[in-house]
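# Structural features, examined
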Amino acid sequence: MGDKVSDHCGEVHRRLGTLPGDLQDRLDAVKRGPAEAALLLGAVMSVGRGLDLPQVLRRIVESAVVLVDAEYGALGVVGEGTRLTQFLPVGVTGEQREAIGPLPEGHGILGELIRHPEPLRLVELSEHPSSYGFPANHPPMHSFLGVPIRVRDKVFGNLYLTEKRGGRVFDAEDETVLSTLAVAAGVAIENARLYAETRDRQRWQEANSEIVAALLSGADVAHVLQMIVDHSSRILAADLGVLALPAEGKSLRVALASGVDAETHRGLVLPRAGSFAGAALDAGEPITSLDVAHDPRITGGPPRWTGLLGPAVAVPMVTGERTRGVLLLARVRERPAFTDSETAPLLAFAGQAALAMELTERRESAEQIALLEDRDRIARDLHDLAIQRLFATGMTLQSVVRLVEQPQARERLLRAVDDLDETIKIIRSTIFGLRARDSGRAGQGLRARTATTVEQAARTLGFQPSLRMGGLIDTDVPAEIADQVIAVLGEALSNVARHARATTADISLVVGEGAVNLVVSDNGVGMPKHGGLRSGLDNLARRAERLGGEMNVGTSARGGTRLSWRVPLRLS
């Protein structure tokens, strides 16, 4: 038996030699037998073995309860001021925690230990001046022992133990044991933090490399921004990721949202003043909140924080002197708050989002400039080459007409000259459209919209309608009238597809003599005698009347239906 005790003591001393000197001194000061010393050493070694911080914290409080034979234990992490940002209880069941309600935030006896970080032993909790009592459904607690946990001389949190088993009270030896464990906890917490920082630094570098590669490859900006939100949420273990961009006026638009309650946030327009994201924009630096659902900076906008989420951080996306948006991350309640070491790299990473947007804007501007330059070139070529040659050809034909004696041949030549004149007008109208500098009109002019509408209708019709356009369509037709033209054309082609049973259709859109004239004709069965189309046609007629124009429906030259819709260019 004596040999076993001797061997056990030798093992204890061997393992003690691997610990820091101050921790060895504390363990030597614990006046307990070999079995108790081995238990304490085992707890210290167990605490120092982990590198994942949440697991380390849980192991600390579980070891403390066993070492001093307490019924209940907890570890509170101290945040800003005297508030607890994390509270890990042991000994309380899930049902009891649910019945007690919200976890403590650092008031009463817990706050006393935060304000005065020194060991505190009490025979009766309720007799201390700082005691607030317990909430309803809380287990009865009388004896108390608390010690601070320091990491590099800074208080990280506190260990709280209550109800020593057997109705006993905590003694000085318990205080020494718990203080020794607190020193070991400080070392373990620091190691876990350094490991987490090193691991996260590598993750940020990998994420940055992926973002830069996507930017250089010309990836779509929406895809890059989604990558930034996803990487940030993953690295910082956030449950919700939101990206908000400046909108009209002093407001923000939520462009991206993923994670918990994402649907509640997606697409929202928020006031800059009175929103958490707006507060980050105004601050120009990261801001954090322990409970975003009740943050006093949130005073406006639609309801969006359901209370499921708690800790949050918002970071402005800055490039140069311009702020392009805000990246917001949040965690569910009872999870740890965002720390300074976590938010520091997030600011640089959010800058990647701003860079993505700036590069996209510059690329789009360069593409727009190239497009306009190409349009100018085409317009010059049409004017200097095509029109001049057509004009010369027309003059040649006119001179030949005098030499032709056969009436039919003369008539055909004159028709050819008229066709050339009409072609020249169309080309000139196209030149005006190409040279329009307003990107909105140039990209979405009536001429292009008309062609697009006809192309789309061809899928339903089963054949390609013919399209003839003339006059200054893109330059002379006001936007309001252009919208009505497209609506009427779409309805007219829809009627052809549904009712006409036609195999061909002709569309003419001509601007001239102060009006725009749209004609749609087909070779179908014509208007039904019972007037089944009247409701749709009446709607088209009312559109014309509201603009001071008129609509006529008759029979086309091929026996089908001919619809003529004409309105003046000047709105009354």
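Just so it is clear, the model here is predicted, and its values are computed rather than measured.

### Focus: the overall build of the chain
Along its length, the chain carries 17 helices and 16 strands. A burial count over the chain gives 44% of its 572 residues as buried. For the chain, restricting intrachain contacts to residue pairs at least 6 apart in sequence, the fraction spanning at least 24 positions comes to 61%. As displayed, the chain offers around 29,800 Å² of accessible surface, 51% of which is attributable to carbon and sulfur atoms.

### What to know about the sheet that holds strand 13 (residues 505–512)
If you trace the five strands from one edge of the open sheet to the other, you get 12-13-14-16-15, paired in mixed fashion. What marks the edges here is a single partner per strand, and that holds for strand 12 (466–470) and strand 15 (550–555). Going from strand to strand, the sheet's axes swing by 10 degrees on average, the running direction of each strand aside. Of the strand pairs in this sheet, strand 14 (residues 515–522) and strand 16 (residues 561–568) are connected by seven bridges, and their pairing is antiparallel. Paired with Val 516 across the strands is Val 567, a residue of strand 16. In the packing of helix 14 (residues 446–461) onto the sheet, the strands contacted are strand 12 and strand 13, and the crossing angle to strand 12 comes to about 170 degrees. Sheet strands in contact with helix 16 (residues 479–500) are strand 13, strand 14 and strand 16, and its direction is about 10 degrees off that of strand 14.

### Notes on the confidence of the model for the chain
On average, residues of the chain carry a pLDDT of 79, and 81% of them reach 70 or more. Under a pLDDT of 50 for its full length, residues 1–24 has, in the predicted model, 25 contacts with residues more than four places off or in other chains. Within the model, the stretch residues 437–443 combines pLDDT values under 50 with twelve contacts to residues more than four positions away or in other chains.

### What about the packing of helix 7 (residues 172–216) against helix 8 (residues 221–235)?
Contact geometry for helix 7 and helix 8: axes closest at 10 Å, N-to-C directions at 175 degrees. Taken together, the axes of helix 7 and helix 8 lie roughly antiparallel to each other. Taking contact as the criterion, the partners of Asp 200, Arg 203, Trp 204, Ala 207, Glu 210, Ile 211, Ala 214 and Leu 215 in helix 7 are, on helix 8, Val 224, Met 227, Ile 228, His 231, Ser 232, Arg 234 and Ile 235. Per-class residue counts for the contact of helix 7 with helix 8 are nine nonpolar, two polar and four charged.

### Describing the pattern of salt bridges
Taken as a whole and assessed by the stated rule, the structure comprises 16 salt bridges. Residue Arg 168 is joined to Asp 69 by a salt bridge in which the shortest nitrogen-to-oxygen separation is 2.8 Å. One end of the pair, Arg 168, is in the loop between strand 5 (154–164) and helix 7; the other, Asp 69, is in the loop between helix 4 (53–67) and strand 1 (70–78), with 99 residues separating them in the sequence. Accessibility expressed as a relative area gives 42% for Arg 168, which makes it partly exposed.

### Points about the sheet that holds strand 8 (residues 269–271)
Sheet strands pair via backbone hydrogen bonds, and the direction of the pair is either parallel or antiparallel. The strand order across the open sheet built from six strands is 8-7-6-11-10-9, with neighbouring strands paired in antiparallel fashion. Unpaired on one side and paired on the other, strand 8 and strand 9 (287–289) mark the two borders of the sheet. Averaged over all neighbouring strand pairs, the angle between strand axes comes to 25 degrees, with direction disregarded. Pairing geometry for strand 9 and strand 10 (residues 309–319), over three bridges, is antiparallel. If you follow Ser 289 over to strand 10, its bridge partner there is Ala 312.

### Details of the packing of helix 4 against helix 7
Two measures define how a pair of helices packs: the angle their axes make with one another and the distance between the axes. Close contact between helix 4 and helix 7 brings their axes to 10 Å; oriented N to C, the two are set at 170 degrees. When the axis of helix 4 is compared with that of helix 7, the two are roughly antiparallel. On helix 7, the residues that touch Leu 53, Val 56, Leu 57, Ile 60, Ser 63, Ala 64 and Leu 67 of helix 4 are Val 177, Leu 178, Leu 181, Ala 185, Ala 188, Ile 189, Ala 192 and Arg 193. For the contact of helix 4 with helix 7, the class distribution of residues is 13 nonpolar, one polar and one charged.

### Some thoughts on helix 6 (residues 108–115)
A large share of helix 6 lies buried, amounting to seven of its eight residues. If you check which residues of helix 6 are buried, you get Gly 108, Ile 109, Leu 110, Gly 111, Glu 112, Leu 113 and Ile 114. At its buried positions, helix 6 is contacted by strand 1, strand 2 (84–90), strand 3 (120–122), strand 4 (144–151) and strand 5.

### Thoughts on the environment of Leu 161
By the secondary structure assignment, Leu 161 is in strand 5. For Leu 161 and Ala 74, which are 87 residues apart along the polypeptide, the C-alpha to C-alpha distance reads 6.6 Å. Those residues within four positions of Leu 161 in sequence are excluded, and the remaining contacts are Ala 64, Val 65, Val 68, Ala 70, Tyr 72, Gly 73, Ser 143, Phe 144, Leu 145, Phe 170 and Leu 178.

### Some details on the side chain of Glu 112
Within the secondary structure layout, Glu 112 lies in helix 6. Ignoring anything within four residues of it in the chain, the contact list for Glu 112 reads Leu 120, His 128 and Ser 130.

### Topic: the pairing of strand 15
Strand direction decides the pairing type here: strand 15 and strand 16, joined by six bridges, are antiparallel. Along strand 16, the bridge assignment pairs Met 551 with Trp 565. Between strand 15 and strand 16, which pair antiparallel one after the other, the connecting turn spans five residues, and Gly 559 there sits at a positive phi close to 90 degrees.

### Considerations on helix 10 (residues 276–283)
Because an α-helix completes one turn every 3.6 residues, residues spaced three or four positions apart along the sequence face the same direction. Most of helix 10 is tucked away, with six of its eight residues classed as buried. Of all the residues in helix 10, the buried ones are Phe 276, Ala 277, Gly 278, Ala 279, Ala 280 and Leu 281. Contacts made by the buried residues of helix 10 are with strand 7 (251–259), strand 9, strand 10 and strand 11 (322–332). Gly 284 occupies a position one or two residues after helix 10 and carries a positive phi of about 70 degrees.

### As for unusual backbone geometry
Positive phi, normally seen in glycine, also occurs at Ala 237, with a value near 50 degrees. With respect to the helices and strands, Ala 237 occurs in the loop between helix 8 and strand 6 (240–247). When its relative accessible area of 34% is taken as the criterion, Ala 237 is described as partly exposed. The backbone of Glu 513 sits at a positive phi, close to 60 degrees, despite the residue not being glycine. When you line up the elements, Glu 513 lands in the loop between strand 13 and strand 14.

### A word on the pairing of strand 4
Extensive coverage of strand 4 is indicated by the burial of seven of its eight residues. Pairing between strand 3 and strand 4: three bridges, direction antiparallel. Bridged to Leu 120 within strand 4 is Gly 146. Linking strand 4 back to strand 5 in an antiparallel pair, the connection comprises two residues, with Arg 152 at a positive phi of about 55 degrees.

### A short note on the packing of aromatic side chains
Applying the stated criterion across every chain, the model contains two aromatic pairs. Measuring from centroid to centroid gives 6.3 Å for Phe 144 and Tyr 160, while their planes differ by 35 degrees, and the two rings are tilted. Of this pair, Phe 144 sits in strand 4 while Tyr 160 sits in strand 5, and the two are 16 residues apart along the sequence. Both residues of the pair, Phe 144 and Tyr 160, belong to the buried class. By way of ring pairs, the aromatic residues Phe 87, Phe 144 and Tyr 160 are connected into one cluster.

Conventions adopted
- Residues numbered from 1 in each chain as written.
- Predicted model: local features only at pLDDT ≥ 70, side-chain atom pairs only at ≥ 80, totals over all residues.
- Heavy atoms only, no water.
- Helix = DSSP H or I, 4+ residues; strand = E, 2+ residues; numbered from the N terminus.
- Buried < 20%, exposed > 50% of the residue type's maximum accessible area, 1.4 Å probe, protein only.
- Contact = heavy atoms within 4.5 Å.
- Areas by Shrake-Rupley, 256 points an atom, 1.4 Å probe, with all protein chains shown as cover.
- Pairing = 2+ DSSP bridges.
- Axes fitted to C-alpha atoms, helices over the stretch in contact; angles between N-to-C directions.
- pLDDT = per-residue confidence, 0-100.
- Parallel < 35°, antiparallel > 145°, perpendicular 65-115°, else oblique.
- Nonpolar A, V, L, I, M, F, W, Y, C, P; charged D, E, K, R; others polar.
- Salt bridge = Lys/Arg side-chain N within 4 Å of Asp/Glu carboxyl O.
- Phe/Tyr/Trp six-rings, centres within 6.5 Å; stacked < 30°, edge-to-face > 60°.

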